[in-house]
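Here's the letter readout for the chains.
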Amino acid sequence: KENEIGTSEALIRGVVSKLKELGYNVGGFKAFITSDVLMGAGLSSSAAFESIIGTIIDGLYNDMKIDMVTIAKVGQYAENVYFGKPCGLMDQCACAVGGLISIVNSVNVDFSKYDHSLCIVDTKGSHADLTDAYGAVPQEMKEVAHYFGKEVLREVDENEFYANIANLRTALNNDRAILRA
């Protein structure tokens, strides 16, 4: 549903749809979920939400028989297809497979020793408007890889990459892709 893109409803619908497509049992439930994760903080809140929805459905209708990697892949599908964010699988795997996920509350370093301060600021912002830039990451990495005749960037020799930065800039005309690479 176009009007659900970017919403929790889209994530729920996507998770349920993919689980059903994969042959798992699905059904209704009522849940109350709260979070104090800062909006737009980039702390995998959507991946955690997808994982909990998949786990609830697993527990209620599938006797906890769905493996967590499948739950992660279903979450990625929901985010890509229903939510509208072209994310990879890392956040979903970290939430579904990686055990307890928490925000670090303390950092064992004396910042004043380095004349620095650590500040976390709630800007009330959202990274929703960054979806296009985020989605361009894999495409830009492939552009760089293709310059070297490779399919993915990990196949490109690091020294060859650095030796060809000037040529890359001319060929790709995309400094962001080169900086990301």
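Residues numbered from 1 in each chain as written. Predicted model: local features only at pLDDT ≥ 70, side-chain atom pairs only at ≥ 80, totals over all residues. Heavy atoms only, no water.

### Concerning the overall build of the chain
Move 1: Summing up its helical and strand segments, the chain has 8 helices and 0 strands in all.
Move 2: Taking all 181 residues of the chain together, 26% fall into the buried category.
Move 3: Summarising the internal contacts of the chain: among those between residues at least 6 apart in sequence, 64% fall at separations of at least 24.
Move 4: Accessible surface computed for the chain: about 12,200 Å², of which carbon and sulfur atoms make up 53%. (Helix = DSSP H or I, 4+ residues; strand = E, 2+ residues; numbered from the N terminus. Buried < 20%, exposed > 50% of the residue type's maximum accessible area, 1.4 Å probe, protein only. Contact = heavy atoms within 4.5 Å. Areas by Shrake-Rupley, 256 points an atom, 1.4 Å probe, with all protein chains shown as cover.)

### Comments concerning the nonpolar core
Move 1: Grouped together as the largest cluster of nonpolar side chains are 13 residues, with contacts concentrated most on V15, L19, I53 and I57.
Move 2: Listed by contribution, the elements that provide at least two residues to this core are helix 1 (8-21), helix 2 (45-61) and helix 3 (68-83).
Move 3: With 5 residues, the single largest contributor to this core is helix 3.
Move 4: Not counting residues within four places of it along the chain, the set of residues in contact with V15 comprises E50, I53, G54, I57, V74 and A78. (Core = buried A, V, L, I, M, F, W, Y, C linked by side-chain atoms within 4.5 Å.)

### A closer look at the pattern of salt bridges
Should their charged atoms come close, side chains of opposite charge can pair.
Move 1: Overall, the coordinates contain 6 salt bridges when judged by the stated rule.
Move 2: Linking R176 and E140 is a salt bridge whose minimum nitrogen-to-oxygen distance equals 2.6 Å. Placement of R176 in helix 8 (residues 175-180) and of E140 in helix 5 (residues 131-147) is noted, with a sequence separation of 36 residues between them.
Move 3: Overall, the relative accessible area of 4% leaves E140 in the buried class.
Move 4: The salt bridge partner of E140 is R180, with a shortest N-O separation of 2.8 Å. A residue pair is termed long-range when its members are at least 10 positions apart, and E140 in helix 5 and R180 in helix 8 qualify at 40 residues.
Move 5: One salt-bridge network, held together by shared partners, links E140, R176 and R180. (Salt bridge = Lys/Arg side-chain N within 4 Å of Asp/Glu carboxyl O.)

### Re the packing of aromatic side chains
Move 1: Under the criterion given, the structure shown has 3 aromatic pairs.
Move 2: Both rings, one in Y147 and one in F148, keep their centres 5.0 Å apart while their planes meet at 85°; by these two values the pair is edge-to-face.
Move 3: In this structure Y147 comes out as partly exposed when scored by relative accessible area, which is 32%.
Move 4: Its guanidinium or amino end placed over the ring of Y77, K18 lies 4.6 Å from that ring's centre, counting from NZ or CZ. (Phe/Tyr/Trp six-rings, centres within 6.5 Å; stacked < 30°, edge-to-face > 60°. Lys NZ or Arg CZ within 6 Å of the ring centre and 35° of its normal.)

### Points about helix 3
Move 1: Buried residues of helix 3: T70, I71, A72, V74, G75, Q76, A78, E79 and F83, and no others.
Move 2: On its buried side, helix 3 packs onto helix 1, helix 2 and helix 4 (90-96).
Move 3: Among the residues of helix 3, the N-terminal cap falls to D67, whose side-chain oxygen and the backbone nitrogen of V69 are separated by 3.2 Å.
Move 4: The positive-phi residue at the C-terminal boundary of helix 3 is G84, with phi of around 95°. (Polar contact = N/O pair within 3.5 Å; in protein donor to acceptor, adjacent residues only side chain to side chain.)

### Quick word on the environment of V74
Move 1: One can find V74 in helix 3.
Move 2: Given a relative accessible area of 2%, V74 falls into the buried group.
Move 3: Each C-alpha atom, one on V74 and one on K18, is 6.0 Å from the other, the two residues being 56 residues apart in sequence.

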